[in-house]
Amino acid sequence: MTLSGPGIEAYPTLFSPGKLGSVALANRAIVSPMTRTSATDDGLATDQMVDYYTEYARGGWGLVATEATYIDEKYSQGYNNQPGIANDAQQESWRKVIDAVHGEGVPFFMQIFHAGAVNQGNHWVEGSIAPSAVQPKGEQIDRYNGSGPFQTPREISRDEMDEVVAGYAAATRRAIEVGFDGVEVHGANGYIMDQFLTTYTNQRTDDYGGVIENRVRFHIDVMTAVRAAVDPAVPVGVRISQTKVNDLEYSWPGGDDDAQIVFGKLGQIGNLFIDVSAHLGCAPVFGTDKSLAGLAKRHSGLTQIANGKLHDPAEAERALSQGEGDFVALAKGALADPAWPRKIAAGVEPIPFDPGMVNPLATLANTVAWRQLQAAE
Ligand SMILES: Cc1cc2nc3c(=O)[nH]c(=O)nc-3n(C[C@H](O)[C@H](O)[C@H](O)COP(=O)(O)O)c2cc1C
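Residues numbered from 1 in each chain as written. Predicted model: local features only at pLDDT ≥ 70, side-chain atom pairs only at ≥ 80, totals over all residues. Heavy atoms only, no water.

(A) Highlighting the overall build of the chain. Helix and strand counts for the chain stand at 14 helices and 12 strands. Taken over C-alpha atoms, the radius of gyration comes to 19 Å for the chain, in line with the 21 Å a tight globule of 377 residues would show. Seen through its C-alpha atoms, the chain measures out along the principal axes to roughly 55 × 45 × 45 Å. Counting only residues that meet the buried cut, the chain has 62% of its 377 residues in that class. As displayed, the chain has an accessible area near 13900 Å², and 49% of this comes from carbon and sulfur atoms. Here the chain contributes 29 positively and 46 negatively charged side chains, and the mean placements of these two sets differ by 3 Å. (Helix = DSSP H or I, 4+ residues; strand = E, 2+ residues; numbered from the N terminus. Rg over C-alpha atoms; globule rule 2.2 N^0.38 Å. Buried < 20%, exposed > 50% of the residue type's maximum accessible area, 1.4 Å probe, protein only. Areas by Shrake-Rupley, 256 points an atom, 1.4 Å probe, with all protein chains shown as cover. Lys, Arg positive; Asp, Glu negative; His and termini not counted. Charge placed at Lys NZ, Arg CZ, Asp CG, Glu CD.)

The structure is reproduced here in structure tokens:
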């Protein structure tokens, strides 16, 4: 879709074309992954999903990313009615969604996911696994039909860690085989990979626990396997954050030293993109002049997606032109108005976000995460 209007000149970087690996994007605006729990009980993509992804594809985005999609028929699912890419039927169910998005001429990436301890609905197995047997903070998210505290996970075994790494690689192959243009691994927001990275959920005494070089090792294992799983021209990347769906206050204890190690090691794998999710926004961190997204770019040298409160186009343009990211991803802004890029280009005010938009059957208003988010805003 060719966008036109006064916004193109007003936000020249936002509306400039870009590339992620071999994939060409018409502009720098990406739909950030958003869980919508609208798959079937056994994780098949539905017609409702065709509808909302088509709506984004028509809205003028440079790239659309899927909601978090679980990778295996074991412990990876975190929410009831979350979609999967764990078996043939799930893989095939995505084809209609991919065809619809591609029919609008827009590239489409899948975000792949393992819940770890932050698991409040799993069709396949009882219980949960995590780096250590630590009960997650906070309460289950009620907009995804959870209530009360999370269950305490059991410690994952080394064999299971290898299985999970292989599961990410297998899910990546499946996603590309069925027609996705790229894959983002969900390494953020409190799920299993982030549980390894986070001091209080990782109490391991082996070479995956303790110092940051050890806590980031699982990310490195997963991303090495995922990178090797598909052709080098296929874009693959990883999402990183400090905050979590069940903890919006956590900050990396080593500050910029941690950032240098985490992003430096990802940079050594090479040929990846990094997407930094920042629920609280893209302000500078750790007393540096950059947000975590900017530090990811500085320390890794990789292509970078910035995310977090960038729905004001002036703010998105600033983030892009000041080196915070090569692309910007919008979540709540995209949910509120799937035609955000088209409207910004045309100089039309987009529809603002309202919590009731997340799920027509429930609102975010009484969830722990939402209360924390509001307190922080
Ligand atoms: C309804 C909803 C669902 C979300 N689901 C996911 C998800 O599946 N995967 C993910 O990485 N982030 C998820 N997020 C986080 C967003 O992608 C994004 O990082 C966060 O909302 C901050 O960006 P924003 O300020 O543009 O909303 C979700 C956010 C919302 C509001």
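Anyway, onward from the coordinates.
(B) Representation of the pairing of strand 4 (residues 63-70). For strand 4, the buried fraction is high: eight of the eight residues fall into the buried class. Here strand 3 (residues 29-31) runs beside strand 4; their pairing, made up of two bridges, is parallel. Bridge pairing in strand 4 links Ile 30 to Leu 63. (Pairing = 2+ DSSP bridges.)

(C) Examining the site of the ligand more closely. The environment of the ligand is made up of 20 residues, and the closest members are Ser 32, Pro 33, Thr 35, Asn 307 and Lys 309. A distance of 2.8 Å separates an oxygen atom of the ligand from a polar atom in the backbone of Pro 33. In this structure, Thr 35 approaches the ligand through a side-chain N or O atom, which is 2.6 Å from an oxygen atom. Protein coverage of the free-state accessible area of the ligand, which is 610 Å², stands at 94%. Residues of the shell around the ligand, tallied by class, amount to seven nonpolar, nine polar and four charged. (Near = heavy atom within 4 Å. Polar contact = N/O pair within 3.5 Å; in protein donor to acceptor, adjacent residues only side chain to side chain. Nonpolar A, V, L, I, M, F, W, Y, C, P; charged D, E, K, R; others polar.)

(D) How the structure looks around the pattern of salt bridges. Tallied over the full model, the rule gives 17 salt bridges. Lys 137 serves as the salt-bridge partner of Asp 247, at 3.5 Å between the closest nitrogen and oxygen. Residue Asp 247 is found in the loop between strand 9 (236-240) and helix 9 (255-269), and its partner Lys 137 is found in the loop between strand 6 (129-130) and strand 7 (154-155); the two are separated by 110 residues along the sequence. A relative accessible area of 5% places Asp 247 in the buried class. Linking Asp 206 and Arg 204 is a salt bridge whose minimum nitrogen-to-oxygen distance equals 2.7 Å. Residue Asp 206 is classed as partly exposed on the basis of its relative accessible area, which comes to 23%. By relative accessible area, Arg 204 is classed as buried at 9%. Within this structure, Glu 155, Arg 158, Arg 204, Asp 206 and Asp 207 form a network of salt bridges that share partners. (Salt bridge = Lys/Arg side-chain N within 4 Å of Asp/Glu carboxyl O.)

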